[in-house]
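Architecture and fold: a report
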Amino acid sequence: MSLFDALVDDAGLFPPTALPMADALERHRADLAEGNPVLTHRFLCAAGRVPELREHLDAYPGLLPEPLRLGIILDTPTPPPLDDLDVELVEVPGGRAVDLDGLGTPGARQFVEVTAAQLPVDLPPGTGLKVRCGGTVAAAFPSAQDLGAFISYCVEHGTPFKATAGLHNAVRHFDPSLGVDRHGFLNLVVGVCAAVQGEDPVPVLGTTDVGELVRLARAVPESAAVRARELLVSYGSCSTRTPIEDLVALGLVAEHRGDGSGAERNSRVGAAAGTAGATGGIGTTEGNE
């Protein structure tokens, strides 16, 4: 398996990209047609925007393959009806699980958002956790120590988890606009692999050494990779292109060629990724839920 298969959920509706619904769905349609394996091809939508989502799907029947695979972020006290939608994930803020039976989402997996300081938590069987890795202010970014404690807890307890926000690029880097180090999604993936192998994930989470991260990613044993990705389900990114560009530039995934339009698009992606790698551009592009 690849460490990076089905890693990135489509959070195009969320800041900082915050695409209009029509644009987000059109981009999702293009990504589905291209079929890049790094993407989960799952569309994230806040519960409060489900009526708007329905309006667009009804107005343009056939725009997207049916059913549209969804992750719902609960941002309203009373969610709209979800029973006729293909909801795979329900993400819940506030550190407490909800009763999914009343949401009409049979088979959906629930992920409860917590901080490391809120651990341990008592979860219903089958419930996962969600960790926020950043935001619009410096205080929203957990330290490498706190993120490492969260990962170690999930590995120790066999708890699957999702990540969100702040993971704009592959490698950890300093953001001068916020005055904070941003976590890298490659640091996160390799950090989970380290924890699975009984190692402390904090040094991996805190490193900005691109070459060392790539070496570690390539050296992960197959069994550790499988277990790590059982636990790290995915992370939400409002850019579905930047994570692929970074991984291609680092040589960790090959350029993907889907249908004709996808092949042409990937040609442009490869050129852009090569430029980023040559100029040290990895770690500078925005784009995450």
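Next up on the list: the overall build of the protein. Each helix and strand in the protein was counted, giving nine helices and 10 strands. Residue burial in the protein is summarised as follows: out of 289 residues, 53% are buried. Accessible area for the protein stands at about 12,100 Å²; split by element, carbon and sulfur atoms hold 53% of it.

A word on the pattern of salt bridges. Scanning the entire structure with this criterion turns up 18 salt bridges. Close ionic contact of Arg241 with Asp31 constitutes a salt bridge, the shortest N to O distance being 3.9 Å. With Arg241 in the loop between strand S10 (232-237) and helix H8 (242-249) and Asp31 in helix H1 (residues 21-34), the pair connects residues that are 210 residues apart, well separated along the chain. Of the two residues examined, Arg241 and Asp31, each falls in the buried class. In this structure, the salt-bridge partner of Arg215 is Glu212, at a minimum N-O distance of 2.8 Å. Of this pair, Arg215 and Glu212 both sit in helix H6 (residues 210-218), three residues apart, which is roughly one turn of the helix.

Let us look at the nonpolar core. Phe4, Leu129, Phe150, Ile151, Phe161 and Leu186 are the most contacted members of the largest nonpolar core, which has 53 residues in total. Here this core takes nine residues from helix H4 (residues 185-196), the largest share from any one element. Apart from residues lying up to four places away in sequence, Phe150 is in contact with Val114, Ala116, Leu119, Leu129, Lys130, Val131 and Phe161. With 28 residues, the next largest nonpolar core counts Phe14, Cys45, Leu70 and Val92 among its residues.

Attention now moves to the packing of helix H3 (residues 144-157) against H4. For any two helices packed against each other, the geometry comes down to the angle between their axes and how far apart the axes lie. In contact at an axis separation of 9 Å, H3 and H4 are set at 50° when each is read in the N-to-C sense. Considered as vectors, H3 and H4 are oriented oblique to each other. Helix-helix and strand crossings are classified by hand; for H3 and H4 the assignment is right-handed. Contacts from Leu147, Ile151 and Val155 of H3 reach H4 at Leu188, Gly191, Val192, Ala195 and Val196. Looking at side-chain class alone, the contact of H3 with H4 contains seven nonpolar, one polar and no charged residues.

In this section: the confidence of the model for the protein. With 89% of its residues at a pLDDT of at least 70, the protein reaches an overall mean of 88. Counting interchain partners and residues more than four positions distant, the pLDDT-below-50 stretch residues 260-288 has 63 contacts.

Conventions adopted
- Residues numbered from 1 in each chain as written.
- Predicted model: local features only at pLDDT ≥ 70, side-chain atom pairs only at ≥ 80, totals over all residues.
- Heavy atoms only, no water.
- Helix = DSSP H or I, 4+ residues; strand = E, 2+ residues; numbered from the N terminus.
- Buried < 20%, exposed > 50% of the residue type's maximum accessible area, 1.4 Å probe, protein only.
- Areas by Shrake-Rupley, 256 points an atom, 1.4 Å probe, with all protein chains shown as cover.
- Salt bridge = Lys/Arg side-chain N within 4 Å of Asp/Glu carboxyl O.
- Core = buried A, V, L, I, M, F, W, Y, C linked by side-chain atoms within 4.5 Å.
- Contact = heavy atoms within 4.5 Å.
- Axes fitted to C-alpha atoms, helices over the stretch in contact; angles between N-to-C directions.
- Parallel < 35°, antiparallel > 145°, perpendicular 65-115°, else oblique.
- Left-handed = near helix turned anticlockwise from the far one by under 90°.
- Nonpolar A, V, L, I, M, F, W, Y, C, P; charged D, E, K, R; others polar.
- pLDDT = per-residue confidence, 0-100.

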